[in-house]
Amino acid sequence: MAKELLKGNIAFAEAAIRAGCEAYFGYPITPQTEALEHMSKRMPELGRVFLQAESEVAAINMVYGAASAGVRVMTSSSSPGVSLMMEGLSYIVGSEVPVVLVDIMRGGPGLGNIAPSQGDYNQIVKGGGHGDYRPIVLAPATVQELIDLTVEAFDLAEKYRYIVVVLADGSMGQIMEPAELPPMKPVRKPEERPAWALTGAKGRDPNVITSIYIDPAVEEEFNLKLKAKQERIEANEVRYKEIALEEAEIAIVAFGTAGRVAQSAVKAAREEGIRVGLLRPISLYPYPYHRVRELASKVKAMLVVEMNGGQMVEDVRLAVEGRVPVHFYGRMGGVVPLPEEVLDEIRKVHSGLAVPA
Amino acid sequence: MAKGRIVVDESLCKGCELCTTVCPKDLIAMDKGRFTPKGYHPAELVDPEEACTGCAICALICPEAAISIYRWVPAAKAVGVAS
Amino acid sequence: MAEEKLVESLIYAKPESLYPVGTHYCPGCTHGVAHRLIAEVIDELGVREETIGVAPVGCAVFAYNYFNMDFAEAAHGRAPAMATGIKRVSPDKIVFTYQGDGDLASIGMAEIIHAAARGENITVIFINNANYGMTGGQMAPTTLPGQKTTSSPLGRDVEMHGFPIRVAELLSQLDGAVYVVRRSLHSVANIRKAKKAIRQAFEVQQQGLGFSMVELLSSCPINWGLPPVEALQWIEDHMLPAYPLGDYKVHPAIAKKPTR
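Please read these numbers as outputs of a predicted model, since none were measured by experiment.

## Thoughts on the interface of chain C and chain A
Then, in step 1: Of the residues lining the interface, 32 residues belong to chain C; the matching set on chain A comes to 36 residues.
Then, in step 2: For the pair chain C and chain A, the summed buried surface comes to about 2600 Å²; carbon and sulfur atoms form 61% of the total.
Then, in step 3: Looking only at chain C, the three residues that lose the most surface to chain A are E49, D70 and V89 of chain C, adding up to 24% of its buried area.
Then, in step 4: Seen at the junction of chain C and chain A, the total is 3 salt bridges.
Then, in step 5: A salt bridge links R204 of chain A to D70 of chain C, with the nearest nitrogen and oxygen atoms 2.5 Å apart.
Then, in step 6: Summed over the shared surface of chain C and chain A, the result is 10 residue pairs in polar contact (both at pLDDT 80 or more).
Then, in step 7: Counting only elements with at least two residues in the side of chain C that touches chain A, the list comes to β3 (70-74), α2 (79-89) and α4 (109-117) of chain C.
Then, in step 8: Here the side of chain C that touches chain A gets 7 residues from one element, more than from any other, and that element is α2 of chain C.
Then, in step 9: Among the residues making up the side of chain C that touches chain A, the classes are represented as 16 nonpolar, 6 polar and 10 charged.
Then, in step 10: As paired strands, strand β9 (residues 208-209) of chain A and β3 of chain C are joined by 2 bridges and run parallel to one another. Bridge pairing links V208 of chain A to F71 of chain C in β3 of chain C.

So, in structure tokens, the structure goes:
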């Protein structure tokens, strides 16, 4: 397949189709509605299921139904819509059906605005719906990554019978970049649906999809099972990218669009002779704690850059455990920091290093 | 000879008495002298004159599907699961 | 004529589509009758192995312990959406929801209206017992004016709590709804009619005609504070006037053939 100029929202929708997504249920919400529009055209073309639901609450429960029937299914939404999906996400985890959600974050809280933001990091990465769980969270910084991570999300969801959230922001959904789409994968044949799925109890005992464990001891067993699943995820699914971290004195940690902006700042700072590099987490859960901890033993200071008031910085501090100072620079409300702003912060941190301890 | 009879599964009967109010021949009563394993007084067929026709009206109203219905039918027409 | 040989034959037993287990429903609660009728219809249509049931939060939340078929437990109010998701990817399967009045007419009102408006090819069994049963008898959208519940202790005051919602009439306005009726479970004759309606609804789905719903007036002895027999009488005395029985939508395509 060749590279095409693709808009993020269209790219991840088409990527899901190429990954064999058989059903899409969604609801219009800026800044990701183009995905819904793309699905509304393409899915029927391919004889697959598209439905615009009456609300995000209904949409996620339609997704829950289709997932329970054993097909590849996804939805996409943005911050306020995802908030409405939280109960559904909890039921989905509670009954271990595989689901993919693409969350294109926007300014908040409340109605907020439609500008790009990373203000939902805690909401998504630390759990989301009620109960003990944390979804797998993948954060792309380019349209190509958005495509690749959406495709991968389907495999991970099925590998762990879990929820995978592709967490991006309004700019990622709206920008256009050259990117390459994977080849088309057909939908699963009905007889290939998993054995646990609701397909009609023909020649087998009935299957039940439920998240009820009325006996606390049995619920705890289920929670321990989820915990064990999360430990496997933490052991196997950590993903990150590193730029210019060799013999760096300062490490920047930033994800998604903020990571992209930080990358430009790193380049500029390197040209000024500042030894700085970037760690860009791609899996926000499982978070690359061990890599951050390793860096803390090599660098003199860290700078976390986010498009929120400081959320991922807490995870960095958890990993660093005070070994080195962890500075923070963030813009909120949907403001995207410019590389020059981040470069100034790097300079401040750098000058701070010169002062003897 | 009674044309039919009923069997109340006492593991299901909750002593709700609904069946006793609908039997056309008034042949079902609550056995106040006994308890089911769950602690309910069970309904039972009281049919000294063998009047039960196996009409199944009691089974129609039973919320627990606790009542099975038997009917004496000519061998040729014996349908359903032989008990 | 020679004495014809008679054989004792079992002519009625618990339907195969119900597990041979007891239920948690209160004694005399007609949820059990509804379960039995649905199971009998599924047995008679021979579709147990192609049917997927969806029951949300409510007294029937454990329906999957009773129905001997594939089953899903949905979030409160969301069964029509979950059933939509299942049916859209399994168009050849029979999909039905089993919902209470708090679930369907309160928290799930948007879902039921839009499923009907879409003409979703599913069957909805709607149990109207004029209160939230599972949580101990609170006021529901179907609670009658003046009816005391644990959250309308002085009786439902329409000035404060508004008026009951007649769901069958409401859904019958939607073009996607092709079969919408209200029946009752408070007497043998009505139970027979209810079964016919349930069967008709499943047949409507089998023929792919669109959305079907059977509203069933049902008793709640424990929360109404009445013995089971009197609870059925309460339905006749109080619920029938507020919720008239009848066919509210029967699409012409539904041939008026007698259903056995």
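## A word on the pattern of salt bridges
Then, in step 1: Taken as a whole and assessed by the stated rule, the structure comprises 52 salt bridges over all chains.
Then, in step 2: A salt bridge links R18 of chain A to E14 of chain A; its shortest N-O distance comes to 2.7 Å. Placement of the pair is R18 of chain A and E14 of chain A together in helix α1 (residues 8-18), with a separation of 4 residues, close to one helical turn. Across this residue pair, the class does not change: R18 of chain A and E14 of chain A are buried.
Then, in step 3: Measuring nitrogen to oxygen at the nearest pair gives 2.9 Å for the salt bridge that ties D31 of chain B to R34 of chain B.
Then, in step 4: In this structure R34 of chain B comes out as partly exposed when scored by relative accessible area, which is 32%.
Then, in step 5: Sharing partners across several salt bridges, the network here consists of R36, E40, E44, K195, R199 and E203 of chain C.

Conventions we followed
- Residues numbered from 1 in each chain as written.
- Chains lettered and ligands numbered in written order.
- Predicted model: local features only at pLDDT ≥ 70, side-chain atom pairs only at ≥ 80, totals over all residues.
- Heavy atoms only, no water.
- Contact = heavy atoms within 4.5 Å.
- Buried area = accessible area lost by both parts, 1.4 Å probe.
- Salt bridge = Lys/Arg side-chain N within 4 Å of Asp/Glu carboxyl O.
- Polar contact = N/O pair within 3.5 Å; in protein donor to acceptor, adjacent residues only side chain to side chain.
- Helix = DSSP H or I, 4+ residues; strand = E, 2+ residues; numbered from the N terminus.
- Nonpolar A, V, L, I, M, F, W, Y, C, P; charged D, E, K, R; others polar.
- Pairing = 2+ DSSP bridges.
- Buried < 20%, exposed > 50% of the residue type's maximum accessible area, 1.4 Å probe, protein only.

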